[in-house]
Amino acid sequence: DHVTSSTYKLTSLIEREQMLLDHLSQISSIASAQPALKESHKNIAELNKTIEFMRRRHAPLEQHPEILQHPVAAFRLIQRLASDWDRVTRVTRKAKSQNEMGFIENNLQTMRDIISKWRIWPTPSSSEDAALGVIRIGHVYSLYPNPMKTLPTVFSSKNYKCSCPAGKRFLSISEKYGRCSKVESGKYNAFTGYKFERSGYALDNQTCFKSLISRFKNTGPNYVMTYSSPLLLAENSRRAYELTKGIGLEKIRSKSQEWVESYSYNTISTKDLRFLAKVAWQNKYCTEAKVWDELARLSASHEVNSEESESIHCIRTSEGHQNVPLHNPFHKECVEERGFNSYAERIHRQYIKLCQESAEGVLPSLHMKKTCTWHYVWPYVRLNEEAISLNPQISRFYDVISPRDIEHVKKMAQSQLSDSALSSTVRANIQDVRVSQTAWLPNKSLTLQKLSRLAGEATGLDTGFSDVGTPAEAFQVVNYGLGGLYAPHEDSVRTSRNIGVETTEHLRNAGDRMATWMFYLSDVELGGATVFPVLNISVAPIKGSAVLWYNLLRNGEPDTRMIHAGCPVAIGDKWVANKWIRERSQVFRRPCSLFPHQ
Ligand SMILES: O=C(O)CCC(=O)C(=O)O
Ligand SMILES: [Fe+2]
């Protein structure tokens, strides 16, 4: 499983880390309370220092778990967990037998063994997934200032201009998740907030911090503590302290140390920037790779004696920064942009365009005015239907699942989530095709039965489910992850690409996926729209609503216009629940016709 492929799984790492911290504290208190263990004072003191350091890094997440919905925070968490706990639990003196080890070492060793068995715990490969997620978001939503055209001069030209509407929204939403936004976008890399200037770039913490202070004056400390982003880019606590000098805001001054720790949580360090560049080169995101390389170079040249170097001292290790070469050898291999064959390429471009537009806040390009119908299916069910497209039909039904039912469905799914499979082998790398986790929920609970019946009432189709071969499939609940997406695909299981995966027996029993009914179980802060590249239509995820479309023509052939995709989640936590309705027993409900479009 990829921990980065589900936001829910990512969030559950907070609890895990808390467990580890509590365990470390226990080891420490036992060691100091029992002299018989003969643990040296030095070791205990060292352990306590480590605990304190790890706790400080952990604290912001404990208070604001939702910040993991921001890709940079999620990336940082993965990077940190993949390396820090490895260092903490590494017993340095080698070739010691178990009974030669001290109490603390022994326990650390045990912890290490336990952690290594946790399937959810980040590994170096999770780091790559996380980096790829961040890179993908930047790529799809153009969060960089048009690097292709401007790269040679972008870091030197003061006239450099770019309108990056998605980038602007990214920045302004970032604020809610503890990141700086008080920057003039276009001139900034939306991820890092680095400001491009004639002389290169400058960290913009001063501007940010000033705006923070003015807000503090207006709104009070609680607001500021929640939106404590601006110092994210601060080099060190002294600077924060300096900035508040003479303003007479003692509360801010006393909090500055604490803030810097939270901010450092989100900072993309030089090391991280290098890592992002490396992963971008390896995955042939050429333009992105150049940008990250450049940022790493600039960041390195501006790096102040950062908190990170102190922290390494705290953790019991002699390791310094890992030295990743700035200009990666993969460079040469990266001759052209990621290639696609021509039809797929057109679809892909259109998909990117629609994703971008929806992230910019551009309304979905509807060919018609939205119309609404009221269905009275039961005396107590009144459906509010919006026609998104008439031919072929795509409809949205509003308020068809209550917040309470949503929580229930999510809860049932949570324990069963695992990496989503691919129904087709469109492209080799799953990270580019489908990044999410899925759980299949048969109609065991009353809630699911009710929702299934509702889908039947709204569509007029038979949604009965008992086992394989029944008219509808079980609910498939999906939670997307860091940069989570589902690249353009057809839900029909009978297309030439998919045949062979779906057994003919299965098809014979229930037929193909005639219709898709998809509940949105969440809103998404930025990104995550459902787009139909052939039809030039995008559907924004709206919590509580459901979309309906038909994957088959009336003659039973797959309708290739219904290719669709889930755009990468840029910021937020996206959940959907699919109900696929098969051909079986729909013969009088959606009659066949020789005229495919009837
Ligand atoms: O998440 C979305 O918006 C689309 C999901 C989808 O197409 C699928 O699960 O088949
Ligand atoms: Fe789909």
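My aim in this report is to walk through the structure given alongside it, one point at a time. Position numbers for residues start from 1 in each chain and track the written sequence from start to end. Whichever chain is written first is A, and whichever ligand is written first is 1; the rest continue in order. Reporting of local features is limited, given that this is a predicted model, to residues whose pLDDT is at least 70; pairs of side-chain atoms are given and counted only at 80 or more, and all residues count toward the totals for whole chains, interfaces and linings. Computation of side-chain values: all heavy atoms of the structure, hydrogens and water removed.

Some points on the sheet that holds strand β12 (residues 530-532)
Thought 1: Two strands are said to pair when DSSP picks up at least two bridges between them. Only DSSP runs of H or I covering at least 4 residues are called helices, and only runs of E covering at least 2 are called strands; the numbering of each starts at the N terminus. Ordered by their spatial adjacency, 4 strands build an open sheet running β9-β15-β12-β13, and the pairing between neighbours is antiparallel. The outermost strands of the open sheet, each flanked by one partner alone, are β9 (486-489) and β13 (537-539). Direction aside, neighbouring strands of the sheet carry axes that sit 15° apart on average.
Thought 2: Alignment of β9 against strand β15 (residues 564-566), held across 2 bridges, turns out to be antiparallel. Its bridge partner being in β15, Tyr486 is matched across the sheet by Gly566.
Thought 3: Contacts from helix α15 (residues 342-360) reach β9, β12, β13 and β15 within the one sheet, and its direction differs from that of β12 by about 135°. To get an axis, a line is fitted to the C-alpha atoms, and for a helix only the part in contact is used. The angle between two axes follows their N-to-C directions and goes from 0 to 180 degrees. Whether two residues touch is decided by their heavy atoms; if any such pair falls within 4.5 Å, the residues are in contact.

Here's the deal with the site of ligand 1
Thought 1: In this text, near means that some heavy atom of the residue lies within 4 Å of the molecule or strand in question. Residues in close proximity to ligand 1 include Tyr480, Tyr486, His489, Asp491, Met518, Thr530, His564, Gly566, Lys574, Asn578 and Trp580, which together make up its full environment.
Thought 2: Taking His489, its side chain carries an N or O atom lying 3.1 Å from an oxygen atom of ligand 1.
Thought 3: Each polar contact in these results corresponds to two N or O atoms within 3.5 Å; when the atoms are within protein, one needs to be able to donate a hydrogen and the other to accept it, and residues that are neighboring in sequence are counted only if both atoms are side-chain atoms. Contact distances for ligand 1 include 2.8 Å between an oxygen atom and a side-chain N or O atom of Lys574.
Thought 4: Surface burial for ligand 1 is 99%, taken as the share of its 290 Å² of free accessible area covered by protein chains.
Thought 5: At the level of elements, β9, β15 and β17 (575-582) are the ones that each hand at least two residues to the shell around ligand 1.
Thought 6: Residue polarity is assigned by list, with Asp, Glu, Lys and Arg as charged and Ala, Val, Leu, Ile, Met, Phe, Trp, Tyr, Cys and Pro as nonpolar; anything else, Gly included, falls into the polar class. A class-by-class count of the residues in the shell around ligand 1 yields 4 nonpolar, 5 polar and 2 charged. Each accessible area is a Shrake-Rupley result for a 1.4 Å probe, and residues are judged covered by the shown protein chains and nothing else.

Quick look at the coordination of the iron ion (ligand 2)
Thought 1: Looking at the iron ion (ligand 2), the protein donor atoms are His489 (NE2), Asp491 (OD) and His564 (NE2), and they sit 2.1 Å from it.
Thought 2: The rule for donors is simple: N, O or S, within 2.8 Å of the metal, or within 3.2 Å if the metal is Na, K or Ca. Water isn't counted, so a site may look like it is missing partners. Here the donor residues for the iron ion (ligand 2) map to a single chain with the spacing H-x1-D-x72-H. Taken together, the residues span a long stretch of sequence, with His489 in strand β9 and His564 in strand β15 at a distance of 75 residues.
Thought 3: For His564, a relative accessible area of 4% corresponds to the buried category. Using a 1.4 Å probe on the protein chains alone, a residue whose accessible area is under 20% of its type maximum counts as buried, one over 50% counts as exposed, and one in between counts as partly exposed.

Here's the deal with the pattern of salt bridges
Thought 1: Criterion for a salt bridge: a side-chain nitrogen of Lys or Arg within 4 Å of a carboxyl oxygen of Asp or Glu. On inspection of all chains with the given rule, the structure shows 17 salt bridges.
Thought 2: In this structure, the salt-bridge partner of Arg513 is Glu473, at a minimum N-O distance of 2.8 Å. Note that Arg513 is positioned in strand β10 (residues 513-520) and Glu473 in the loop between α18 (446-459) and β8 (475-480), a separation of 40 residues in sequence.
Thought 3: Relative accessible area serves as the criterion here: at 10%, Glu473 is assigned to the buried category.
Thought 4: Where salt bridges share partners, they join Asp86, Arg90 and Arg112 into one cluster.

Description of unusual backbone geometry
Thought 1: A cis amide bond links Asn391 with the next residue in sequence, Pro392, at an omega value of 0°.
Thought 2: Assignment of secondary structure puts Pro392 in the loop between β4 (381-389) and β5 (394-398).
Thought 3: The phi dihedral of Lys38 falls on the positive side, at around 55°, and the residue is not glycine.
Thought 4: In this structure, Lys38 sits in the loop between α1 (7-33) and α2 (41-63).
Thought 5: Look at Lys38 and you get exposed, because its relative accessible area is 73%.
Thought 6: Although it is not a glycine, Asn536 adopts a positive phi angle of roughly 60°.
Thought 7: Mapped onto the elements, Asn536 comes out in the loop between β12 and β13.

Looking at the environment of Lys543
Thought 1: Mapping Lys543 onto the fold places it in the loop between β13 and β14 (546-550).
Thought 2: Separated by 137 residues in sequence, Lys543 and Ile406 have C-alpha atoms that sit 8.9 Å apart.
Thought 3: Beyond its immediate sequence surroundings of up to four residues, Lys543 is in contact with Ile406, Tyr520, Leu521, Ser522 and Asp523.

Considering the packing of helix α3 (residues 71-88) against helix α5 (residues 124-140)
Thought 1: Put simply, α3 and α5 touch, their axes get as near as 9 Å, and they point 165° apart. Taken together, the axes of α3 and α5 lie roughly antiparallel to each other. Regarding α3 and α5, the two cross each other, and that crossing is left-handed. Where α3 abuts α5, its residues Pro71, Phe75, Ile78, Gln79 and Ala82 lie against Ser126, Ser127, Ala130, Ala131, Val134 and Ile137.
Thought 2: Looking at the contact of α3 with α5 residue by residue, the classes come out as 8 nonpolar, 3 polar and no charged. Orientation categories follow fixed angle ranges, with anything under 35 degrees roughly parallel, anything over 145 roughly antiparallel, 65 to 115 roughly perpendicular, and all other angles oblique. The handedness criterion is simple: a crossing whose near helix is rotated anticlockwise from the far helix by less than a right angle is left-handed, and one whose near helix is rotated clockwise is right-handed.

What to know about the environment of Lys9
Thought 1: Within the element layout of this structure, Lys9 appears in helix α1.
Thought 2: Its relative accessible area of 13% is what places Lys9 among the buried residues.
Thought 3: Apart from residues lying up to four places away in sequence, Lys9 is in contact with Asp1, Val3, Ile120, Leu417 and Gln437.

Concerning the packing of aromatic side chains
Thought 1: To pair, rings of Phe, Tyr and Trp, with the six-membered ring standing in for Trp, must have centres within 6.5 Å; the planes then decide the type, stacked if under 30 degrees apart, edge-to-face if over 60, and tilted in the middle. If you walk through the whole model with that rule in mind, you get 7 aromatic pairs.
Thought 2: Considering the side-chain rings of Phe397 and Trp517, the 5.2 Å spacing of their centres and the 40° angle between planes classify their relative orientation as tilted. With Phe397 in strand β5 and Trp517 in strand β10, this residue pair connects regions lying 120 residues apart in the sequence. Here Phe397 matches Trp517 in class, with each residue buried.
Thought 3: Following the ring pairs from residue to residue traces out a cluster consisting of Phe397, Phe475, Trp517 and Phe519.
Thought 4: Over the aromatic face of Tyr550 sits the side chain of Arg590, whose NZ or CZ is 4.0 Å from the ring centroid. In this scheme, Lys NZ or Arg CZ marks a charge over a ring once it lies within 6 Å of the ring centre and within 35 degrees of the ring normal.

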